[in-house]
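Spelled out, the chains give:
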Amino acid sequence: MKTVITLLPGDGIGPEVLAAGRSVLEFIAQGSGHTFEMQEFLIGGCAINARGTALPADTLEACRNADAILLGAVGGPEWDDPTAAVRPEQGLLGLRKNLDLYANLRPVKPHPGLLDASPLRSELLKEVDLLVVRELTGGIYFGEPRQRLLLNGEEQAVDTMTYTESEVRRVAHMAFQLARQRQGKVTSVDKANVLECSRLWRQTVTKVAAEYPDVAIEHLLVDAAAMYLLTRPGSFDVILTANLFGDILTDEASVLSGSMGNLASASLGETVNSLGKPRGLYEPIHGSAPDIAGKGIANPIGTILSTAMLLRHSLGLETEAQAVEEAVQATISNGHRTPDLGGELSTRSLTDEIKQNLDLAQAAVSEG
Ligand code: IPM
Ligand code: MG
């Protein structure tokens, strides 16, 4: 059967890491007999330059028609003018919102070979195996009004944080269900001592938690959670949090893995694809890294691990997903590194190493 994967390279290092992810998917297709129909579309700054909008209609259409979407990164200094009417990030935010991808899954499990790459002491990192479930289509990212105005002759800016009970409930259910398949613990992170939204968040999560008596629940304020991520990172299993807090905490959590370039993500909602699986958006958590764009040295691991999540969640190809993850582990174990992790390999050479290990991993799978 033909599976449609829409590819969105985006800006900066986006096209470089996306090419790595694409080549892994092509390699999997060759080796397994699946047919992946892959086509690239514009999003972000490059779309603004070509079409005047960060999310062209044909891009959105191709995403709606896809079984899964793989994205590189959006943004860059070229489009950073604070007075600009259109911004690259609107492409990504618009896509998440239009496809109702309300749950963003960001796993963090430091590779034993990379413990020294983190500024944290390695004994703190050994037990780390956590999953952040970030609410992705609500909160201050999307609340209205959002505007600039003149107040008493002074410029004022307004953003609005809103959450409805149902928005919190659905992402909470996702977190509890995922916790059941892991270590059975959810840490809900909010700012309930200050924010009304957080008080609704905590109240709703507490109600949902009652439906999962087998899952332990802990509530933390976001400031304390930011500290505990560094002082006791091994104590977390699933971290459930709102859009903005999740954005901030996952950059912090990426430090545990040694490099922001290592982390993958899946954004899921309720809509299903032609296979009856979630039509997900998969992307590394890093940005477009304009400082190294075009040099061919970006770390492709976050994107390649995102393809593993794509194979698992949207295509139901668990064996292939695991093979990709094992190939990445083996490549790191063998000492292969891009410059962000102190190595010298290019994006392409590291990807080739991973594919070589994938070959072996796949052979091992078929040999049983
Ligand atoms: C992320 C990014 C995005 C976000 C930006 C590019 C809009 O930082 O996916 O974490 O803030 O969600
Ligand atoms: Mg971010």
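Residues numbered from 1 in each chain as written. Chains lettered and ligands numbered in written order. Predicted model: local features only at pLDDT ≥ 70, side-chain atom pairs only at ≥ 80, totals over all residues. Heavy atoms only, no water.

K.L.:
Lay out the pattern of salt bridges in plain terms, naming residues and giving numbers.
P.N.:
The full count for this structure, using the stated rule, is 25 salt bridges. Of the charged contacts, one joins Asp58 and Arg51 as a salt bridge, the two residues approaching to 3.1 Å between their closest N and O atoms. When its relative accessible area of 33% is taken as the criterion, Asp58 is described as partly exposed. When its relative accessible area of 45% is taken as the criterion, Arg51 is described as partly exposed. Notably, a salt bridge pairs Arg312 with Glu318, separated by 2.7 Å at the nearest N-O pair. The class for Glu318 is partly exposed, based on a relative accessible area of 32%. Through salt bridges that share partners, Arg22, Glu26 and Glu40 make up one connected network. (Salt bridge = Lys/Arg side-chain N within 4 Å of Asp/Glu carboxyl O. Buried < 20%, exposed > 50% of the residue type's maximum accessible area, 1.4 Å probe, protein only.)

K.L.:
Tell me about unusual backbone geometry, and please be specific about residues and values.
P.N.:
Following Glu144, the chain continues into Pro145 via a peptide bond in cis, with omega recorded as 0°. Within the secondary structure, Pro145 sits in strand S6 (residues 143–151). Phi is positive for Asn152, which is not a glycine, with a value near 50°. By the secondary structure assignment, Asn152 is in the loop between S6 and strand S7 (154–160). Here Ala289, not a glycine, exhibits a phi torsion of approximately 40°, which is positive. Among the secondary structure elements, Ala289 is positioned in the loop between strand S12 (280–284) and helix H10 (301–313). (Helix = DSSP H or I, 4+ residues; strand = E, 2+ residues; numbered from the N terminus.)

K.L.:
Would you mind going over empty space enclosed by the protein in detail, with residue names and values included?
P.N.:
The tally for this structure, following the rule as stated, stands at two cavities of 30 Å³ or more. If you add up the space inside the largest cavity, you get close to 40 Å³. Lining the largest cavity, in full, are Met161, Tyr163, Val189, Asp190, Cys197, Ser198, Trp201, Ala242 and Phe245. Of all the elements in the fold, those that place two or more residues in the lining of the largest cavity are strand S8 (185–190) and helix H7 (196–210). (1 Å grid on protein atoms, 1.4 Å probe; cavity = no way out; pocket = protein on both sides within 12 Å on 5 of 7 lines; lining within 4 Å. Points joined across faces, edges and corners; volume = space filled by probe spheres on them.)

K.L.:
Any chance you could break down the state of the cysteines for me, citing the residues and the numbers?
P.N.:
In this structure the tally under the stated criterion is zero disulfides. Distance from the sulfur of Cys63, which forms no disulfide, to the nearest cysteine sulfur (Cys46) is 13 Å. Overall, Cys63 belongs to the buried group, its relative accessible area being 0%. (Disulfide = S-S within 2.5 Å.)

K.L.:
Account for the domain arrangement of the chain, with residues named and values stated.
P.N.:
Its domain assignment divides the chain into domain 1 (1–109 + 259–368) and domain 2 (119–257). Each partner contributes residues to the interface: domain 1 has 20 residues there, and domain 2 has 22 residues. For domain 1, the biggest contributors to the area lost against domain 2 are Tyr102, Arg106 and Val108; these three give 33% of the whole. With a closest N to O distance of 3.2 Å, Arg170 and Asp100 form a salt bridge. Counting across the interface, domain 1 meets domain 2 through nine residue pairs in polar contact (both at pLDDT 80 or more). Broken down by secondary-structure element, the contributors of at least two residues to the side of domain 1 that touches domain 2 are helix H4 (89–98), strand S4 (103–108) and strand S11 (264–268). Among the elements that line the side of domain 1 that touches domain 2, the one with the most residues is S4, at six residues. (Domains from an automatic or database assignment. Contact = heavy atoms within 4.5 Å. Buried area = accessible area lost by both parts, 1.4 Å probe. Polar contact = N/O pair within 3.5 Å; in protein donor to acceptor, adjacent residues only side chain to side chain.)

K.L.:
Tell me about the environment of Ala54, residues and numbers included.
P.N.:
With respect to the helices and strands, the residue Ala54 is situated in the loop between helix H2 (45–51) and helix H3 (57–64). The exposure class of Ala54 is buried, given its relative accessible area of 3%. In the structure, Ala54 is positioned 170 residues away from Ala224 in sequence and 36 Å away in space, judged by C-alpha atoms. Leave out the neighbours within four places in its chain, and Ala54 touches Ile43, Gly44, Ala47, Ile48, Arg87, Pro88, Gln90 and Gly91.

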